[in-house]
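Spelled out from the first residue to the last, the chains are:
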Amino acid sequence: MTLLSATILLFLLMDPMGNLPIFVAILGDMPPQRRWGVLIRELLISLLVLMAFLFAGKPILELLHIQGPALSISGGIVLFLVALRMVFALEGDLLGRVESEPFIVPLAIPLIAGPATLTMLLILATQHPNRLGDWVLALLAAWAASAVILAACEPIQRVLGRRGLTVVKRLAGMMLVVIATQMFLDGLRAFLAWK
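Residues numbered from 1 in each chain as written. Predicted model: local features only at pLDDT ≥ 70, side-chain atom pairs only at ≥ 80, totals over all residues. Heavy atoms only, no water.

Participant: Now, about the overall build of the chain: what can you tell me, with residues and values included?
Facilitator: A count of helices and strands for the chain gives 9 helices and 0 strands. Overall, the chain shows an N-to-C arrangement of helices and strands of α-α-α-α-α-α-α-α-α. Per-residue burial over the chain gives 44% buried out of 195 residues. When contacts within the chain are restricted to residue pairs at least 6 apart in sequence, those whose partners lie at least 24 apart make up 89%. (Helix = DSSP H or I, 4+ residues; strand = E, 2+ residues; numbered from the N terminus. Buried < 20%, exposed > 50% of the residue type's maximum accessible area, 1.4 Å probe, protein only. Contact = heavy atoms within 4.5 Å.)

Participant: Account for the environment of Leu176, naming residues and giving values.
Facilitator: Tracing the backbone through its elements, the reader meets Leu176 in helix 9 (residues 153-194). Distance in space between the C-alpha atoms of Leu176 and Leu111 is 9.7 Å, their sequence separation being 65 residues.

Participant: Go over helix 2 (residues 16-27) with me, naming the residues and quoting the values.
Facilitator: Counting buried positions along helix 2 yields 10 of 12 residues, so the element is predominantly enclosed. If you check which residues of helix 2 are buried, you get Pro16, Gly18, Asn19, Leu20, Ile22, Phe23, Val24, Ala25, Ile26 and Leu27.

Participant: Which residues make up a nonpolar patch on the surface, and what values do they have?
Facilitator: Together, Ile77, Phe80, Leu81, Leu84, Phe88, Phe184, Leu185, Leu188, Phe191, Leu192 and Trp194 line one region of the surface with nonpolar side chains, adding up to about 1,000 Å² of accessible area. Secondary structure elements with two or more residues in the nonpolar patch: helix 4 (68-88) and helix 9. Per element, the largest residue contribution to the nonpolar patch is 6 residues, and it comes from helix 9. Under the relative-accessibility criterion, Phe184 is labelled partly exposed at 32%. (Patch = residues over 30% accessible without salt bridge, like charges linked within 9 Å, V, L, I, M, F, W, Y side chains within 5 Å. Areas by Shrake-Rupley, 256 points an atom, 1.4 Å probe, with all protein chains shown as cover. Salt bridge = Lys/Arg side-chain N within 4 Å of Asp/Glu carboxyl O.)

Participant: Tell me what's going on with the pattern of salt bridges, and back it up with residues and numbers.
Facilitator: On inspection of all chains with the given rule, the structure shows 3 salt bridges. Here Arg41 makes a salt bridge to Glu42, at a shortest N to O gap of 3.0 Å. Ionic pairing is found between Asp186 and Arg189, a salt bridge with its closest N-O pair at 2.9 Å. Of this pair, Asp186 and Arg189 both sit in helix 9, separated by 3 residues, roughly a single helical turn. Here Arg189 falls in the exposed class, since its relative accessible area comes to 52%.

Participant: Give me the nonpolar core: which residues, what numbers.
Facilitator: Membership of the largest hydrophobic core comes to 49 residues, with the highest contact counts inside it found for Phe23, Leu27, Leu50 and Leu139. Residue assignment for this core shows that the elements contributing at least two residues are helix 1 (3-14), helix 2, helix 3 (32-64), helix 4, helix 6 (107-112), helix 7 (115-127), helix 8 (132-150) and helix 9. The element best represented in this core is helix 3, accounting for 11 residues. In contact with Phe23, not counting residues within four places along its chain, are Gly28, Leu39, Leu107, Leu111, Ile112 and Leu150. (Core = buried A, V, L, I, M, F, W, Y, C linked by side-chain atoms within 4.5 Å.)

Participant: Tell me about helix 8, and please be specific about residues and values.
Facilitator: Taking 1.5 Å of rise per residue, 19 residues should cover 27 Å, and helix 8 covers 27 Å from first to last C-alpha, within 8% of that figure. Listing the buried residues of helix 8 in full gives Trp135, Val136, Ala138, Leu139, Ala142, Trp143, Ser146, Ala147 and Leu150. Buried residues of helix 8 fall within an arc of 165° about the axis and therefore sit on the same side. (Expected span 1.5 Å × (residues − 1). Arc of directions from axis to C-beta.)

Participant: Give a description of the confidence of the model for the chain that names residues and reports values.
Facilitator: Mean pLDDT for the chain: 80, with 86% of residues reaching 70 or above. At the low end of the mean pLDDT range in the chain sits helix 5 (residues 93-100), at 41; at the high end sits helix 8, at 95. Confidence drops under pLDDT 50 across residues 90-99; counting only partners more than four residues distant or on other chains, this segment forms 15 contacts. (pLDDT = per-residue confidence, 0-100.)

Participant: Please provide a residue-by-residue account of the side chain of Ser46, values included.
Facilitator: Considering the arrangement of structural elements, one finds Ser46 in helix 3. The exposure class of Ser46 is buried, given its relative accessible area of 0%.

Participant: Provide a residue-level description of the side chain of Thr7, including the pertinent values.
Facilitator: Inspection of the secondary structure assignment puts Thr7 in helix 1. Residue Thr7 is classed as buried on the basis of its relative accessible area, which comes to 16%. Not counting chain neighbours up to four residues away, the residues in contact with Thr7 comprise Ala138, Ala141 and Ala142.

Written out as structure tokens, the structure is:
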């Protein structure tokens with residue numbers, strides 16, 4: 001795998017375009033200054049987690065006896081719970097409390113640093129440990145491109161307005177249900193194949 005192909009693959013796994021409506025929905029009601037602070041914090045946390053998995057993920061998983069499918073299954077469960085709140089919350093009641101100050105979950109993990117991206121970093125690091133420098137560059141490039149796209153959530157929120165944001169919240173919740181279900185099924189399929 002070349003540096004360019006690894007960068008493209010990691011970028012696609014981070015899925016910033018697919019995550020953009022979810023970021024708009026979750027961050028949309030915050031004051032602009034606070035929104036930037038939360039966005040930057042979540043992006044940096046995701047980068048730290050991704051780097052940690054690249055350098056130390058395999059030993060940590062082995063130490064804790066955690067198999068790859070567990071990442072996908074647990075990520076799917078967390079996303080599913082968040083999605084249910086987004087879809088069924090009444091007039092911003094529960095949804096407002098959940099979204100007012102997201103911390104690590106669901107923005108940094110599992111939306112940016114999701115199970116698929118973490119697993120791919122583990123694969124790259126274990127199959128080609130002599131090219132760790134290339135994988136760091138690929139990860140930084142993919143993360144930076146994703147960060148630029150996700151930073152566009154503020155102008156998108158301005159264009160959508162309050163009603164449009166409400167629609168985006170519900171649609172993002174529905175998308176999350178599908179993504180969460182797929183993540184869970186992928187983890188389950190990997191677990192059954194592993195057994």
